[in-house]
Structure formats: C-alpha cells, structure tokens
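Below, each chain spelled out in residue letters.
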Amino acid sequence: MASRKEGSGAAGGGFGAAKGKGKAAAAGDSAVKQVQIDGLVVLKIIKHYQEEGQGNEVVQGVLLGLVVDDRLEITNCFPFPQHTEDDADFDEVQYQMEMMRSLRHVNIDHLHVGWYQSTYYGSFVTRALLDSQFSYQHAIEESVVLIYDPIKTAQGSLSLKAYRLTPKLMEVCKEKDFSPEALKKANIAYENMFEEVPIVIKNSYLINVMLWELEKKSGVADRHELLSLASSNHLGKSLQLLMDRVDEMSQDIVKYNTYLRNVSKQQQQKHQYQQRRQQENIQRQSRGEPPLPEEDINKLFKPPQPPPRMESLLIAGQINTYCQNIKEFNAQNLGKLFMAQALQDYNN
Amino acid sequence: PAAPAPPPAAPLSAALSGPFPGGRVVRLHPVVLASIVDSFERRNEGAARVIGTLLGSVDKHSVEVTNCFSVPHNESEDEVAVDMEFAKNMYELHKKVSPSEIILGWYATGHDITEHSVLIHEYYSREAHNPIHLTVDTSLQNSRMSIKAYVSAPMGVPGKTMGVMFTPLTVKYVYYDTERIGVDLIMKTCFSPNRVIGLSSDLQQVGSASARIQDTLTMVLQYAEDVLSGKVAADNTVGRFLMDLINQVPKISPEDFETMLNSNINDLLMVTYLANLTQSQIALNEKLLSL
C-alpha cells in the first residue's frame, strides 16, 4: 500500500492529496503514466449514464482512489446530481463532503483523484472542461478526467479515455494570459493541450469469481452491434458536428485576420503621423518657431485588442478529436466491409 | 431456511400486508453484485460479513435492483447493531442523483440466514414495504458463489410464538446494452495472468467479435451434424430457430452486392480523406499563426 499523506481539509475543497512513495515528477514530465480502473467503476459509470443521462445532457461524477508510484488507481466513484434550476439551494460542496465522509465509514478510498464526464459524439474539448480540469490538477497533481462515450460504447466496444492537461498548458492557465504572444512563447499547439493516459482495467479475484457466476447464469448476448455494417447514421452526425466546428473556426480566423489588418493599418497611421510631425517641426524650425511638443503616440492611437487565442485552440483541439474519432470509426467499418466482401466472394 | 420457530404451519398469507409487490422475480444488475463484493473486500477487521441497502424500482411483474450501498454494522454472538442513521443519510444522498430509486430491501454476504438476519430484516421492514433479502455467498461454499434472494413471511400457529420464514425468489440478471458490453470487457480480466487488461484498438475488437461468431457457428454446425448422424435427438424448436437463421440471410444478386459494397467503401474513403484534409488544414493554420 502506498503511503498516503492527507492534505488538511480546506473549507471549500477537502481534497486530500495522495502522493506515492517519494517519486516527484520531473519538470515537464507528466506525473501519471497509467491509469488503472476497477471493473466496479466502469459498471457504475455506465449505469449512471444509462439511467440519468439520456439526451444531450452530460453526466458527471467524482473518482476516488489512490496513487501508487506513477500509476493512478481508481477504485470507486460516485455520481453528481444534474444541475436543475429548481434546486437552487443545492450545495455541491456539501453533497461531496457528506458523500466522502460516509464512504470513509465503509472503508472506501475517500481520496479524490479526478472526475468523469460523458460526452456526445466526442465533443468534450470545451472551456468548461478545461477550467474544471485545471482546478483539479492544480489541487491534486495526478488527477485525470475520464471521458465516457456512451454512443460509441453502444456500438460494441467500451469507449473510455483518460485525459490530463499537459504541463505546458498548466503553466499558461496559471498565468491566465491567453494572448497570442504568450501562447507563442509557450509553444502550445492544439496537439499538446491534452495528453491521453493509457487505461488498464483490473479486478480482484473475488470479483472474477462473481463474473464467472454471472457468465454461467446469464445467456449469451443476443446483440452483436460491433459487427453491424450500418454506419451512415453515425457518420452523418459526426460530420455535422465537424462542419459546425469548422464554421466556428473560420469565423475565428476571420476575426484574427481583421485584428492583424487593424494592427498593420494602425502602424501605417502612426508612421504617417510621425512623418507629418517631423515635417512640421522642420518647417517650424526654418521659421524659427518652437517645435510642437511631442505627443504620446499611444494615446492617440489606441492599439486594438488582440483576440483571446484560447477559443481557437480549443476549437482546433475539438476538430482534431472529431477527425481522429471519424478516422478510427472508418477504419473499423472498412475492415468490416472488406470482410463482408471476402465472404461474398467465397460464396460465389 | 427458517428462523427458530414452532413446527411450521401453513404460511398465513392473510397476515401479509398484501401480496409480494411485483411477483416472484428479482432482476439484478451486475453493478450491484460488484458493489457488494467490493464492500466485502473492504470490511472491517473481524467482521464476518457486510450488510447494506438495496435500491431500485418495483413494477407489476418484478423488482429491479439497480443500486446498493453498504451500511456499517456490528455483529457479535448475542447482539447486532446497525447504523440506521447512516443508512438514512446515504439514501438521501443517493436520492439526489436518482430520485426514482426506492429502498427495496437489504443484502448480506455469507451463505446462510442467521437469527441476526431476522432482526435486521425487521429494521428494514420499517423502511420498505415487504423488503427483499439478498445473500451473496462470498465464502464460496461448494466452490460456487451462490446468489439467492428471499422475502419473509410470518409463520407459526396463531396465538403462540410467531416465527419468520424466508421464501426464496428467482433471481434473473438483467443488463442494459452498454452494461452488457462493459461486463463482457471486464470479464476478460479472468483470463489474464495478473488480472489486468488494456482497452483494445478498433480492428482488434472487430477481430475478436468475428472470432466469437465463428465459435458459435461451429457449435451450431456441430449440432446439426450430430442430429444428422443420429447422435443427438432432433428438437423441433431448435430446428425452427435454425430455419429462421438461414432465412434471415438476404438473397442479393452478386452485382447488387458489389455496387452496395463499393459505394459504402467509397463513402468511407471520402470521409477519411476529408478528415485528413481538415486535420492538415488546422495544422497549417497553427503554423501560420505562430509565424
């Protein structure tokens, strides 16, 4: 068992930081190399979405576990209620504190190590997620966000991914400076915003025994969604989302271009103004009058606001995720179609 | 198994507050079992078993158990104490997430019903109407983890000491589709040496799914051959199922099939091309911006 150091429960947080034996992460290196999830957590997440998350709502919850060396072990989780407007006096922090206190009584690991969220067709790269993950990672270094894709899972294979913010992005978020210059300095592209951590699933022996029991008692699964050849519905929706994002991206690019044009126009104007000033001064000198006072150029020409770059980074990241998902889906379907073709050829 | 009582008389169904809600079938979700086993593994030193509350819903024909949480309790030779305050609190918290789940009964690990179970069952009768009791045998008697459900019925001769009898119910396992897929995946840890599996890539999944279908087809073929050669008696229902199976394969002429296949493949290739194009576009954009 790794030794755990509990941070003092702050009023608004109460996260306990669990550090493994000694190994501090090297600067620029990520603290977590692998995420190990108990089968129980997977089942709970699936059940939570299935029962409470129909429609476009995302469901969220908290992950509990501990850190062992460079592996994050997630041993339990509990769901968060949906945000409803008629629940104005619902206190999230209080719910969390009570839940964790109760779970502690029954010996469940009560240390926060991350959170999970469901996603709709892979669209999870949003500002909200970034902010939440940043505050989690700031408080607990090893935390991850688990993204569960129920639609992809319903198609035949469990889709669960663990993400963390890269150390570079953490730095930028800490500064809260999202201007183009700062981002250029930090050298962040949309590819190194999030890093994916590989997941393994682990069960204890007793759970394995129980699974054998289940296997014996339940029949064979009668739906084989994974081998279904119909793909156009899913593709259509994914492409629709992709098109929306690309539209947003192009709008963002237009905004940025206008900004650049404004900046260069302003430069020209400043240049002209300075030249005129100089000419006037020369004329005045030739006439023997005192030169005009130097005016502060910046007060005359207010520099335009650079648009925040975080939005476009997020959109680029989201587009990237969509494209990745589409390509994976396509590869799978091409395989299936070729198999069908081979079977048909064999029969003829 | 009956609690200590005078010679059993016919169960007084009139004394029951109405028939068992929802018939005699208990539908259990796998997440409940996993939770129970997990709390058993985390039990306190010296505790022989763990107990907890079962949550779910009742409908006309059955009781569906979808969730559970463990409740701390102390058991010794002559007395038992259950932290009901804790149970109430936890139930409130759970209700915030799933308002439709109600208390259905309670569970205990272990392979038999003890006298303490009767007492605990009485506690729970105050919370739920005719609670059910689930036992999960974690001590693995007979090398099986038997999972049984009971409902209680009073018995005894009226006027004299009354006892309680636990009548067994049928347990069925139900899954949501996604749950089934999740369980199938988690089950793979049974086969790996250190009980750890990674999530496989997409083509691997297609491969394993086709392997499974292949296995089932071989089984069916084997059965058909056995029947033909007389080794196994023919069964009409199975024969009808097989007939349906064969008839489900659609009859398409080879040319039509070719065209369908090709158009699908073309669609997929085009979409992959577009996705790659978009990705290179945003990469270019990134490079331009950082100039």
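Residues numbered from 1 in each chain as written. Chains lettered and ligands numbered in written order. Predicted model: local features only at pLDDT ≥ 70, side-chain atom pairs only at ≥ 80, totals over all residues. Heavy atoms only, no water.

The name an unreviewed UniProt entry gives chain B is Deubiquitinating enzyme eIF3f, with Chaetorhynchus papuensis as the organism. The Function (unreviewed entry) field of the UniProt record for chain B holds the comment "Deubiquitinates activated NOTCH1, promoting its nuclear import, thereby acting as a positive regulator of Notch signaling." (UniProt positions renumbered as here; feature names shortened; annotations may be inferred.)

Per an unreviewed UniProt entry, chain A goes by the name EIF3H factor and belongs to Chaetorhynchus papuensis.

(A) Molecular detail of the overall build of chain B. Check the secondary structure of chain B and you find seven helices and 10 strands. The 291 residues of chain B split such that 43% are buried. Put simply, of all contacts in chain B between residues at least 6 apart along the chain, 63% involve residues at least 24 apart. Split by element, the accessible area of chain B, about 16,100 Å² in all, is 58% carbon and sulfur. (Helix = DSSP H or I, 4+ residues; strand = E, 2+ residues; numbered from the N terminus. Buried < 20%, exposed > 50% of the residue type's maximum accessible area, 1.4 Å probe, protein only. Contact = heavy atoms within 4.5 Å. Areas by Shrake-Rupley, 256 points an atom, 1.4 Å probe, with all protein chains shown as cover.)

(B) Expanded view of the overall build of chain A. A tally of regular secondary structure across chain A gives 10 helices and eight strands. Per-residue burial over chain A gives 48% buried out of 348 residues. Across chain A, contacts joining residues at least 24 apart in sequence account for 74% of those joining residues at least 6 apart. Accessible surface, chain A: about 18,000 Å² in total, of which carbon and sulfur atoms supply 50%.

(C) Focus on the UniProt feature "domain: MPN" (unreviewed entry) in chain B. UniProt feature "domain: MPN" (unreviewed entry): in the numbering of this structure it lies at residues 26–156 of chain B. Along residues 26–156 of chain B the backbone is 30% helical and 37% strand, and the end-to-end C-alpha distance reaches 26 Å.

(D) Summary view of the sheet that holds strand 7 (residues 132–136) of chain B. All names here are of chain B. Spatially, the seven strands close up into a barrel ordered 1-3-2-6-7-8-9, and their pairing is mixed. On average, adjacent strands in this sheet sit at an angle of 40° to one another, irrespective of strand direction. Here strand 2 (residues 51–58) runs beside strand 3 (residues 62–71); their pairing, made up of eight bridges, is antiparallel. When the sheet's bridge partners are listed, Ser57 is paired in strand 3 with Glu64. Packing against the sheet, helix 3 (residues 115–127) makes contact with strand 2, strand 3, strand 6 (102–109), strand 7, strand 8 (147–155) and strand 9 (163–173), and its axis sits at approximately 170° to strand 6. (Pairing = 2+ DSSP bridges. Axes fitted to C-alpha atoms, helices over the stretch in contact; angles between N-to-C directions.)

(E) Representation of the pattern of salt bridges within the structure. Residue and element names in this part refer to chain A. Under the criterion given, the structure shown has 14 salt bridges over all chains. Note that Lys47 is salt-bridged to Glu51, the shortest N-O span being 2.7 Å. Here Glu51 and Lys47 lie together in helix 1 (residues 39–52), a separation of four residues that amounts to about one turn. A salt bridge links Arg245 to Glu248; the shortest N-O distance between them is 3.7 Å. Within this pair, Arg245 and its partner Glu248 are both found in helix 8 (residues 232–287), separated by three residues, close to a single helical turn. In this structure Arg245 comes out as buried when scored by relative accessible area, which is 18%. (Salt bridge = Lys/Arg side-chain N within 4 Å of Asp/Glu carboxyl O.)

(F) Local environment of the side chain of Gln137(A). Along the chain, Gln137(A) turns up in helix 3 (residues 127–139). In this structure Gln137(A) touches Ser143(A), Arg164(A), Leu165(A) and Met170(A), once residues within four positions along its chain are discounted.

(G) Representation of the environment of Gly288(A). Within the element layout of this structure, Gly288(A) appears in the loop between helix 8 and helix 9 (297–300). The exposed category is assigned to Gly288(A), whose relative accessible area is 62%.

(H) Summary view of the domain arrangement of chain B. Looking at chain B, the domain boundaries give domain 1 (25–176) and domain 2 (253–290). Using only C-alpha atoms to locate each centre, domain 1 of chain B and domain 2 of chain B end up separated by 54 Å. (Domains from an automatic or database assignment.)

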